[in-house]
Amino acid sequence: MTNWSVILGIAKTHLLTKIKQTSIAALGVTFGIGSYITLVCFMTGLNAMLDNLILNQTPHIHVYNEIEPSKNQPISLYNDVAESFNVVHSIKPKRSQKKIHNALPIISYLEENKDVRGALPQVKTQIFYIAGSIELGGNLTGINPVSEARLFNMSDYIVEGSAEALEHTDNSILLGIGIAKKMSLKVGDRVQVSPINGGIFPLKIVGFYQSGIADLDAIQSFTNIKTVQRILGEANNYITDINIKLYDIERAVPLAKKIEQQFKLTAIDIKTANAQFETGTTIRNLITYAVSITLLIVAGFGIYNILNMLIYEKMNDIAILKATGFSGKDVQLIFMSQAMIIGFVGGVLGLLIGLGLTSLISTIPFQTEALPTVETYPINLNPMFFVIGFLFAIISTFLAGYLPSKKAKKIDPVKIIRGQ
Amino acid sequence: MNIVLEANHINKYFKKPVLFHVLKDISFQIKKGEFASIMGKSGCGKSTLLYILSTMDTDYDGELYLNNQLVTNQDRDHLSYIRNKHIGFVFQFHYLLSEFSVLENVMLPAKKLAEKSYQEIEYDAFEKLKMLNIEHLAKKRASQVSGGEKQRIAIARALINNPSIIMGDEPTGNLDSHNAENVFNIFKKLSIEQGLSLLIVTHDDDFANKTDRIIQMADGKII
Ligand SMILES: Nc1ncnc2c1ncn2[C@@H]1O[C@H](COP(=O)(O)OP(=O)(O)OP(=O)(O)O)[C@@H](O)[C@H]1O
Ligand SMILES: [Mg+2]
């Protein structure tokens, strides 16, 4: 049976009469938690931005037809030499089609899979951009612009014009910004493209594409799937690539394996394609947490120190309380509550300061060529960080308060009374 | 007659710095309503005995009974409860919580006991202060009153839970003769009117002579 109102009353009086020490201890926690929140929101915001830069526009699984030499050379069909050791020199790949066979049925099949958010066909080809006397080599990709915008955030990289305009205008092109600069083209102008096997097609520029990667922006343009098929003189089942977006990125590896086996195509999952990327993210997170935890531990030592001092100053009080009938546990609870009150108040203030600082940071302009959609510093205001920060404040003050309060519990009142 | 406090063959040793037999086979009883005083030379073990009787010191041989119940070897939490409910202790040096008001100091043991409501406790505390003529100090901080006043506040605090016995270690040691007289009269009145038992260590012959019984100690023994 613990009489909380008495214990909290005493704790409160102790804290209020030593308001200076109390505030310093609480400020230690505030500082620790505040910087933790600021740091972690800012760092994970930056991480997420960098991740998105790659991940958003990267398909979770990319399916295509790799050009490679056949594993079954004609000799293996010849029974007479089946028992012997055959060496075939200078194997060259057969000039196989880039086209994915039965691409349209495969797409509908994939879209039925419950892990798949969407599977989009693409037609990739090499072309020349021609304007007057200039000829520039480049890539033209045929896409379904609106679906592409929905699944792969295409719109983030369209600096002028829109995905809808590309979808609804016949013979239109979304030109890489680098090409536009080189050839001094504006939206509304026409650019002529020529596929490798000849012919010249004028296309109307409906917008510019800027990925942030300059080398890419200098060659890459987009158009409707139908337009590319027409330029290449292919039927409307001519598809070279399928890009798959999943609900859960973790499913990418098994699904990619399954597609490879089932359809005899190459399927690259995002993890394999961007392995080094994840390492960077992990290390940045590690640094963030290491710094935050250090700050909180320092704050914890502050509390430990101040409570220790408080208990030395309060030896007499402890002896009186024990002599008049308070148990060791009561005395321990009095000092534990002081620690917890410091932790709670300091923690809540820290959360508020963290929130304030992050809000401030999120208004600071941050403009860079590489990231056309980012205008201010990115902040990731995840409520989980606030929960973790608060829990850490409570746990660290609990630990910091535990040892000193344990000492207070054990103080022998007779020794103190004799000592006077 | 009811026996409030009974000590049975109490022996105590201090082991450090050298083995020292400080209390030697102490046995005595205090009856209900009895006002007893303990006298003896400095260093004969009076305070040591009082700490044992008040259950704060548990390191001794022998048995201690309070209201006919064995106190020896009870667990610490229960001993705290006994101190809270049955024993009022007045120290030679006025031990008050200096950051609390006089009233809060007096109320604290009752709040801990939690047998009464806050209003009742406050009323009781005022009554005790009135009885000791210091009710005007109620709202003052304990650090802002005089030594004699502190002593009376400590007595009020010892009385707040209407204990079975009051123990005092030279409670008048720091008071002038007028205040000492005053404290004696309060004790006497409580013992007569309310049947309170008192066991007071004192060096003051006048004080001791007016009590019901004097327990003389010498060299750790009762003589
Ligand atoms: N913690 C201790 N360790 C060792 N010896 C102690 C300790 N406390 C007290 N003593 C010794 O025990 C003896 C009794 O001490 P106690 O305080 O009980 O005396 P007292 O009768 O109250 O004296 P006074 O009248 O001066 O208050 C003294 O000789 C003292 O030196
Ligand atoms: Mg003494």
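Definitions and limits used
Residues numbered from 1 in each chain as written. Chains lettered and ligands numbered in written order. Predicted model: local features only at pLDDT ≥ 70, side-chain atom pairs only at ≥ 80, totals over all residues. Heavy atoms only, no water. Helix = DSSP H or I, 4+ residues; strand = E, 2+ residues; numbered from the N terminus. Rg over C-alpha atoms; globule rule 2.2 N^0.38 Å. Buried < 20%, exposed > 50% of the residue type's maximum accessible area, 1.4 Å probe, protein only. Contact = heavy atoms within 4.5 Å. Areas by Shrake-Rupley, 256 points an atom, 1.4 Å probe, with all protein chains shown as cover. Lys, Arg positive; Asp, Glu negative; His and termini not counted. Charge placed at Lys NZ, Arg CZ, Asp CG, Glu CD. Near = heavy atom within 4 Å. Polar contact = N/O pair within 3.5 Å; in protein donor to acceptor, adjacent residues only side chain to side chain. Nonpolar A, V, L, I, M, F, W, Y, C, P; charged D, E, K, R; others polar. Axes fitted to C-alpha atoms, helices over the stretch in contact; angles between N-to-C directions. Parallel < 35°, antiparallel > 145°, perpendicular 65-115°, else oblique. Left-handed = near helix turned anticlockwise from the far one by under 90°. Pairing = 2+ DSSP bridges. Phe/Tyr/Trp six-rings, centres within 6.5 Å; stacked < 30°, edge-to-face > 60°. Salt bridge = Lys/Arg side-chain N within 4 Å of Asp/Glu carboxyl O. Domains from an automatic or database assignment.

Section: the overall build of chain B
A count of helical and extended segments in chain B gives 7 helices and 10 strands. In terms of overall dimensions, chain B is globule-like: its C-alpha atoms have a radius of gyration of 17 Å, near the 17 Å expected for 223 residues. In terms of overall dimensions, chain B has a C-alpha envelope of 50 × 40 × 40 Å along the principal axes. A buried classification covers 55% of the 223 residues belonging to chain B. Relative to all contacts within chain B whose residues are 6 or more apart in sequence, the contacts with residues 24 or more apart total 73%. Total accessible area on chain B is roughly 10,000 Å²; 47% of this is exposed by carbon and sulfur atoms. Chain B carries 27 positive and 28 negative side-chain charges, and their two centres are separated by 2 Å.

Quick notes on the site of ligand 1
If you check the shell around ligand 1, you find 14 residues, and the closest are Ser 42, Gly 43, Lys 46, Ser 47 and Thr 48 of chain B. Around ligand 1, the nearby residues trace back to chains A and B. Between an oxygen atom of ligand 1 and a main-chain N or O atom of Cys 44 of chain B, the distance comes to 3.3 Å. Protein chains bury 67% of the 630 Å² of accessible surface belonging to ligand 1 in isolation. Of all the secondary-structure elements, those providing two or more residues to the shell around ligand 1 are strand S2 (20–31) and helix H1 (46–53) of chain B. Class assignment for the residues of the shell around ligand 1 results in 4 nonpolar, 6 polar and 4 charged.

Quick look at the packing of helix H5 (residues 147–159) of chain B against helix H6 (residues 177–193) of chain B
Residues and elements named next belong to chain B. At a closest axis distance of 11 Å, the pairing of H5 and H6 adopts a crossing angle of 15 degrees. Comparing the axis directions of H5 and H6 gives the class roughly parallel. Considering how the two elements wind past one another, H5 and H6 form a crossing that is right-handed. Taken together, the residues of H6 that come into contact with H5 (itself represented by Arg 152, Ile 155 and Leu 159) are Asn 179, Asn 182, Val 183, Phe 187 and Leu 190.

A few points about the pairing of strand S3 (residues 35–40) of chain B
All names here are of chain B. Of all the 6 residues making up S3, 6 are buried; the element is thus mostly covered by neighbouring parts of the structure. Alignment of S3 against strand S8 (residues 197–201), held across 4 bridges, turns out to be parallel. In the strand pairing of S8, Ala 36 is matched with Leu 199. Note: S3 against strand S9 (residues 213–218), 5 bridges, orientation parallel. What sits directly across from Met 39, in S9, is Gln 216.

Some remarks on the packing of aromatic side chains
All names here are of chain B. For the structure on display, the rule yields 14 aromatic pairs over all chains. Plain terms: the ring middles of Phe 35 and Phe 184 are 5.4 Å apart, the flat faces sit at 25 degrees to each other, and that makes the pair stacked. Taken together, the positions of Phe 35 in strand S3 and Phe 184 in helix H6 put the pair 149 residues apart, joining distant regions of the chain. As far as burial versus exposure is concerned, Phe 35 and Phe 184 are alike and both buried. Taken together, the ring pairs connect Phe 35, Phe 184, Phe 187 and Phe 207 into an aromatic cluster.

Here's the deal with the pattern of salt bridges
All names here are of chain B. Tallied over the full model, the rule gives 14 salt bridges over all chains. One salt bridge connects Lys 12 with Asp 59, and the closest N-O pair in it is separated by 3.9 Å. One end of the pair, Lys 12, is in strand S1 (residues 3–14); the other, Asp 59, is in the loop between H1 and strand S4 (61–66), with 47 residues separating them in the sequence. Classification of Asp 59 by relative accessible area gives partly exposed; the value is 44%. The partner of Lys 188 in a salt bridge is Asp 212, with the nearest N and O atoms 3.1 Å apart. Remark: Asp 212 occurs in the loop between helix H7 (205–209) and S9 and Lys 188 occurs in helix H6; sequence separation between them is 24 residues. Owing to a relative accessible area of 22%, Lys 188 belongs among the partly exposed residues under this scheme. The class for Asp 212 is partly exposed, based on a relative accessible area of 44%. If you follow the salt bridges from partner to partner, you end up with Lys 12, Asp 57 and Asp 59 in one network.

Quick look at the pairing of strand S1 (residues 61–64) of chain A
All names here are of chain A. Residues Ile 61 and Val 63 of S1 are buried on one face, and the alternating residues His 62 and Tyr 64, pointing to the opposite face, are buried as well. Across 4 bridges, the pairing between S1 and strand S10 (residues 266–269) is antiparallel. The partner of Ile 61 across the bridge, within S10, is Asp 269. Both S1 and strand S9 (residues 241–246) contribute to a ladder of 4 bridges, which runs antiparallel. Bridging across to S9, His 62 finds its partner in Asn 243.

Focus: the side chain of Ser 37 of chain B
Residues and elements named next belong to chain B. Structurally, Ser 37 is set in strand S3. Among the polar contacts made by the side chain of Ser 37, one reaches the side chain of Thr 211 at a distance of 3.0 Å. Setting aside chain neighbours within four positions, we find Ser 37 in contact with Ile 200, Thr 202, Ala 208, Thr 211, Arg 213, Ile 214 and Ile 215.

Concerning the environment of Ile 82 of chain B
Looking at the element boundaries, Ile 82 of chain B is found in helix H2 (residues 76–86). Setting aside residues up to four positions removed in sequence, Ile 82 of chain B forms contacts with Thr 55, Leu 66, Val 71 and Ile 87 of chain B.

Quick notes on the domain arrangement of chain A
Here chain A is described as being made up of domain 1 (4–55 + 278–419) and domain 2 (61–72 + 91–271). Placing a centre on the C-alpha atoms of domain 1 of chain A and another on those of domain 2 of chain A gives a separation of 52 Å.

Side note on the packing of helix H12 (residues 315–323) of chain A against helix H13 (residues 328–361) of chain A
Residues and elements named next belong to chain A. Where H12 contacts H13, the two axes come as close as 9 Å, and the packing angle between them is 140 degrees. Here H13 runs oblique to H12, going by the angle between their axes. The handedness of the crossing between H12 and H13 comes out as right-handed. Taken together, the residues of H13 that come into contact with H12 (itself represented by Ile 318, Leu 321 and Lys 322) are Gly 328, Val 331, Ile 334 and Phe 335. Along the lines of polarity and charge, the residues of the contact of H12 with H13 split into 5 nonpolar, 1 polar and 1 charged.

What to know about unusual backbone geometry
Residue and element names in this part refer to chain B. Look at the link from Lys 16 to Pro 17: it is a cis peptide, with omega at -5 degrees. Here Pro 17 lies in the loop between S1 and S2. Residues other than glycine seldom take positive phi values, yet Asp 25 does so here, at roughly 50 degrees. Tracing the sequence through the fold places Asp 25 in strand S2. Taking the relative accessible area as the measure of exposure, Asp 25 reaches 44% and is therefore partly exposed. With a phi angle near 70 degrees, Asn 68 is a residue other than glycine that sits in the positive phi range. Here Asn 68 shows up in the loop between S4 and strand S5 (69–70). By relative accessible area, which is 53% here, Asn 68 ends up exposed.

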